[in-house]
Amino acid sequence: MKKNIRSAACLVLAFCLLACSVALGGCAKRSEPEVPGLSGQSIIHEPEFGGVYITLTIDEFNALGFEYGDSVDIAFSNGFTLEDVPYYNGYYTDTGDPLLIAYPGYEYIKAAINNGPDLWEEAGLSENDTASVTLSESGAYYDIQDARDIEYTDVRGDYTSDEEFANFRTVEAGDIPAGVLYRSASPCDNQHCRAPYVDDLISEAGVRFIMDLADNDDKIGGYIDASDFDSPYFLSLYEEGNVIPLAMNMNFDSDTFRNGVVAGLNALAEHEGPYLVHCTEGKDRTGFVCMLLEALCGADREEIVYDYMMTYRNYYGITPEEDSERYEVIVEHVLDPMIRSMAGDDSIDPQTADLRECAEDFLRSSGMSDAQIEAVREALTQQPQAASIH
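Conventions adopted
The residue numbering used here restarts from 1 in each chain and proceeds along that chain's sequence as written. With the structure being a predicted model, the display of local features is reserved for residues of pLDDT at least 70 and the display and counting of side-chain atom pairs for 80 or more, all residues being used for whole-chain, interface and lining totals. Hydrogens are left out, water is left out, and the side-chain values use all remaining heavy atoms of the structure. The numbering of helices and of strands both runs from the N terminus, where a helix is a DSSP run of H or I of at least 4 residues and a strand a run of E of at least 2. When accessible area is computed with a 1.4 Å probe and restricted to protein chains, residues below 20% of their type maximum are described as buried, those above 50% as exposed, and intermediate ones as partly exposed. The contact criterion used is simple: two residues touch if any of their non-hydrogen atoms lie within 4.5 Å. The accessible surface values rely on the Shrake-Rupley method and a 1.4 Å probe; as for residues, cover is taken only from the protein chains in view. A fitted line through C-alpha atoms represents every axis, and for helices the fit uses only the stretch in contact; the resulting angles, taken between N-to-C directions, go from 0 to 180 degrees. Two helices crossing with the near one rotated counterclockwise from the far one by less than a right angle form a left-handed crossing, whereas a clockwise rotation gives a right-handed crossing. Here the term charged refers only to Asp, Glu, Lys and Arg, the term nonpolar to Ala, Val, Leu, Ile, Met, Phe, Trp, Tyr, Cys and Pro, and the term polar to all other amino acids, Gly among them. In the cavity and pocket records, a cavity denotes points on a 1 Å grid over the protein atoms alone where a 1.4 Å probe fits but cannot get out, a pocket denotes an open set with protein on both sides within 12 Å along at least 5 of 7 lines, and lining residues are residues with an atom within 4 Å of a point. Grid points are joined across faces, edges and corners, and a volume is the space filled by probe spheres set on the points. By this definition, two strands are paired if DSSP reports at least two bridges between them. Note on aromatic contacts: the rings of Phe and Tyr and the six-membered ring of Trp form a pair at centre separations within 6.5 Å, being stacked when their planes are under 30 degrees apart, edge-to-face when over 60 apart, and tilted otherwise.

Asks: What's the story with the overall build of the protein in this structure? I'm lost.
Replies: Looking only at helices and strands, the protein features 14 helices and 12 strands. Counting all 390 residues of the protein, 51% fall into the buried class. Considering only contacts within the protein whose residues lie at least 6 apart along the sequence, 69% involve residues at least 24 apart. Total accessible area computed for the protein in this model is approximately 18100 Å², and 48% of it derives from carbon and sulfur atoms.

Shown next as structure tokens:
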């Protein structure tokens, strides 16, 4: 009898364990996080830098379970796909590589090719198309995201000087003497609260000609009409025809960018210096053009790295002494690809390449004659004239 009772008890216990196992298995299955995904979302062309807005805000997209550093797959309804694309909150991919970006200040997430062709055109998209995004691998690119996740403020008090805040400096590299060529953030677009400071600094430096890489006349007119416009020196140069607005994109290999470089440099050679080159932040487009000019005038890679990385010192406090890992990542993944773009050869070693020859070849292939190239070099290597307040 006792044996039967024990047997019955064992059967009951086994049944209970089986039931619990099934229940727990079911519960575990239900509690597993769903793979993040977004399907059939409308898209908008973003033509200035070349990309595709996917009409979901950054917060809404992240709420689906996506995290910066993830790898995602993007599929458009016309059949065009991008696989294993990093999702970053900045333009952290190498030049020419695609990414999904949640850039601070963007209304929506955006798919783009970093410093490359317009993804909208490359993908053959129309306003009737939609986009779907799915997670490919969680955290696949977190190491790069972590190294390059940097922000700056627009508060003057957070910086040690007006020059640092304005990202303003003279370019002194190769045969370019101090006081001839300057670079900075925008002296007219005040979205980052820097324009009046830049304006004061270029006035003190006696700048006489400006290559504006970011704007066209309509944009400049909008800045001038804005209530916070306070750049009288820039305005005087602009009204006298000493500012050339070039509205260049971020695709260094595109005809738009190359045509802008040629137009700007030919105009520079026809004007007296000192000269200013700027875009919005004075970082990427300005960085490329200044690198090109430095190389043209005989600068080596060490000089070019020093000048380019001053921007990251100014905005983010990144130095080789205090943040060597980030410093090297930026040089490797941002500046060196720029040098390769200038050379037109992804296989070159930026440390050993003949950078002057690369710069000359870039300008020749963009349509400049040897005489025009030499005129630019002569303008930049002359001794600076005394600064004069306009």
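Asks: Any chance you could explain the packing of helix α10 (residues 285–296) against helix α13 (residues 355–365) here in plain terms?
Replies: Between two packed helices, what matters for the description is the angle formed by their axes and the separation of those axes. Between α10 and α13, the least distance of the axes is 7 Å, while the angle of their chain directions is 120 degrees. Crossing handedness for the pair α10 and α13: left-handed. In this structure, α10 uses Phe288, Leu292, Ala295 and Leu296 to contact α13, whose residues at the interface are Leu355, Arg356, Ala359, Glu360, Phe362 and Leu363. Looking at the contact of α10 with α13 residue by residue, the classes come out as 8 nonpolar, no polar and 2 charged.

Asks: Would you explain the layout of surface pockets in this entry?
Replies: Empty space among the atoms becomes apparent when a probe as large as a water molecule is rolled across them. One number sums up the size of the largest pocket: a volume of about 1100 Å³. Every residue lining the largest pocket is counted, 48 residues in all, and those nearest its centre are Tyr91, Tyr103, Tyr106, Glu281 and Lys283. When residues of the lining of the largest pocket are traced back to their parent elements, those giving at least two are β6 (109–113), α7 (217–225), α11 (301–316) and α12 (324–343). Its residues assigned to classes, the lining of the largest pocket shows 19 nonpolar, 14 polar and 15 charged.

Asks: Quick question: what am I supposed to make of the sheet that holds β6 here?
Replies: One key point about sheets: their strands pair by backbone hydrogen bonds, in either a parallel or an antiparallel sense. If you trace the 7 strands once around the closed barrel, you get β1-β2-β6-β5-β4-β3-β7, paired in mixed fashion. Each strand axis lies, on average, 35 degrees off the axis of its neighbour in the sheet, ignoring direction.

Asks: Mind showing me how you'd approach the pairing of strand β3 (residues 71–76) here?
Replies: Side-chain positions along a regular strand alternate between the two faces of the sheet. In the sheet, β3 pairs with strand β4 (residues 81–88) via 4 bridges, with the strands oriented antiparallel. Along β4, the bridge assignment pairs Ile74 with Leu82. Connecting β3 to the next strand, β4, in antiparallel fashion are 4 residues, including Gly79 with a positive phi near 100 degrees. As paired strands, β3 and strand β7 (residues 130–137) are joined by 6 bridges and run antiparallel to one another. Looking across to β7, one finds that Ala75 is bridged to Ser132.

Asks: Is there a simple way to explain the packing of aromatic side chains in this structure?
Replies: The way to describe two aromatic rings as a pair is by their centre distance and the angle between their planes. A full pass over the atoms with the stated rule returns 24 aromatic pairs. When the ring of Tyr152 is compared with that of Tyr315, the centres are 4.4 Å apart and the planes differ by 40 degrees; the resulting orientation is tilted. Taken as a pair, Tyr152 in the loop between α4 (142–148) and α5 (162–166) and Tyr315 in helix α11 lie far apart in primary sequence, 163 residues in all. Look at Tyr152 and you get buried, because its relative accessible area is 18%.

Asks: It is not clear to me how the pairing of strand β1 (residues 37–46) should be interpreted in this structure. Could you clarify?
Replies: Pairing analysis gives 4 bridges linking β1 to β7, with the strands arranged antiparallel. Looking at the pairing, Gly37 lines up with Thr134 of β7. Of the pairings in the sheet, the one linking β1 to strand β2 (residues 51–54) comprises 4 bridges and is antiparallel in character. Paired with Ile43 across the strands is Ile54, a residue of β2. Here β1 folds back onto β2 in antiparallel fashion, the turn holding 4 residues, of which Gly50 has a positive phi close to 85 degrees.

Asks: Is there a simple way to think about the environment of Thr95 in this case?
Replies: With respect to the element layout, Thr95 can be found in the loop between β4 and β5 (98–101). Each C-alpha atom, one on Thr95 and one on Pro337, is 5.9 Å from the other, the two residues being 242 residues apart in sequence. When neighbours within four sequence positions are excluded, Thr95 is seen to be in contact with Asn114, Asn115, Phe252, Pro337 and Ser341.

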